[in-house]
Amino acid sequence: SVCVQLIFGFLFIFSTIVMMKQVYMLTNTDNIDRKQIAWVHIPYKKDLDLAQDVLRQQPCINDFLEVVGALYPPKTIYLGTLKDWEGKSADESIIYTLRYHIDNEFAQFYGLKMKEGPASFELGENEVFINETLARMMNMDNPIGKTLGNHKIKGVIFDFQVQNPKTLPQPIEYISSAWAHPKYIAFKYNGEWKTCKKTLKKEFQEKGLSRYSFEDGEEYYQYFLRSEYNLLKLLGVITVVSILIAIFGIYALIMQSCDQHRKEIAIRKVHGAGVMDILMMFFKQYILQVVVAAIIAFPIGYYLMKNWLEQYARQTEISVWIYLCIFLGISLLVTLCIGWRVWKAANENPAWVIKKE
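Just so you know, these numbers come straight off a predicted model, no measurement behind them.

Reading the values: the criteria
- Residues numbered from 1 in each chain as written.
- Predicted model: local features only at pLDDT ≥ 70, side-chain atom pairs only at ≥ 80, totals over all residues.
- Heavy atoms only, no water.
- Pairing = 2+ DSSP bridges.
- Helix = DSSP H or I, 4+ residues; strand = E, 2+ residues; numbered from the N terminus.
- Axes fitted to C-alpha atoms, helices over the stretch in contact; angles between N-to-C directions.
- 1 Å grid on protein atoms, 1.4 Å probe; cavity = no way out; pocket = protein on both sides within 12 Å on 5 of 7 lines; lining within 4 Å.
- Points joined across faces, edges and corners; volume = space filled by probe spheres on them.
- Nonpolar A, V, L, I, M, F, W, Y, C, P; charged D, E, K, R; others polar.
- Polar contact = N/O pair within 3.5 Å; in protein donor to acceptor, adjacent residues only side chain to side chain.
- Contact = heavy atoms within 4.5 Å.

K.L.:
Can you explain the sheet that holds strand β11 (residues 213-216)? Please cite residues and give values.
P.N.:
The 4 strands lie next to each other as β2-β10-β1-β11, forming an open sheet whose pairing is antiparallel. Two strands bound the open sheet, and with one partner strand each, they are β2 (61-67) and β11. Across this sheet, the average inter-strand angle for adjacent strands is 20 degrees, counted without regard to direction. Pairing geometry for strand β1 (residues 37-41) and β11, over 4 bridges, is antiparallel. Note on β11: the bridge partner recorded for H41 is S213.

K.L.:
Any chance you could break down the layout of surface pockets for me, citing the residues and the numbers?
P.N.:
The volume enclosed by the largest pocket comes to roughly 250 Å³. R99, E127, H151, E173 and I175 are the residues nearest the centre of the largest pocket, which is lined by 16 residues in total. A total of 3 residues in the lining of the largest pocket trace back to one element, the largest contributor, which is strand β9 (residues 172-176). Taken together, the residues that form the lining of the largest pocket break down as 5 nonpolar, 6 polar and 5 charged.

K.L.:
Can you lay out the side chain of D159 for me, pointing to particular residues and giving the numbers?
P.N.:
Along the polypeptide, D159 turns up in the loop between β8 (151-157) and β9. Here the side chain of D159 touches R136 through a polar contact of 3.0 Å, side chain to side chain. Not counting residues up to four positions away in its chain, the partners in contact with D159 are D30, N31, N131, E132, T133, R136 and P169.

Dropping the structure here:
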């Protein structure tokens, strides 16, 4: 029964760690800054300057930028339809893309990274940047310099996820922002979003701004991960309960075993056995159960979590250190349980024990 409890303990710990690693990767290792970034939509051009003045005066705002379309949370007013590109075969279909206006300020604000191409994000006339997904969809291995409709590809920007992390990144074209008219103000804030939003709404109303809407990047992205966070909470509780049950079970068995073998321990001590010899006698018995539980649990856990990870476009690696840390952690807990009880039994006066028995 203890071995079965340990198997479930290994399974729940393994699943929880892999899930935490995947959620961390989805939220912290993407090729875009999305934490504490939001935007406000200003439909009337005449209100943009007034809105910027309000943002400039707020201590919760670190930086802001006028943009034609907000990159994150995603908001674009342009959708592209690609019908022709260099190397297009007759059987390839039309590609529908998102189009964003880009320059150095825009790229720096969102933390965009160039995979291939120049260090600058400025575009000349009839030039365009594309993302990795669009390059793959057009079957372009070396896209720089090739034509895309009436434009020439100047560089490839790393993919990032703007929608549900279970879907593939969308194809994106980045075009020049020289002639565009901003409709959004993207901004970076500090503190809690609810507090900052409440302050901004109050200031906007006092300045006579009535037509606007806010959207926060973290709030937007967390919506897609709500099921993962709920499952993590459930797994966390089950994991703690499973490990506690297993550890208490082992401790109870050790207590019972020590009581049953008190005379044997005393006789061994009389014949020269040391405390470490007696500890090893019990340790071998229970560490074997840990090894058996790990051998059974880890392959099952790998199979289950590998299938779970396949629903995501980006998947974390199930590293060797996860197995080692879990095994060593459980082994340490079991060792402490054994050590405390057996050490107490091994240090009893053997003459008193034999006389009592």
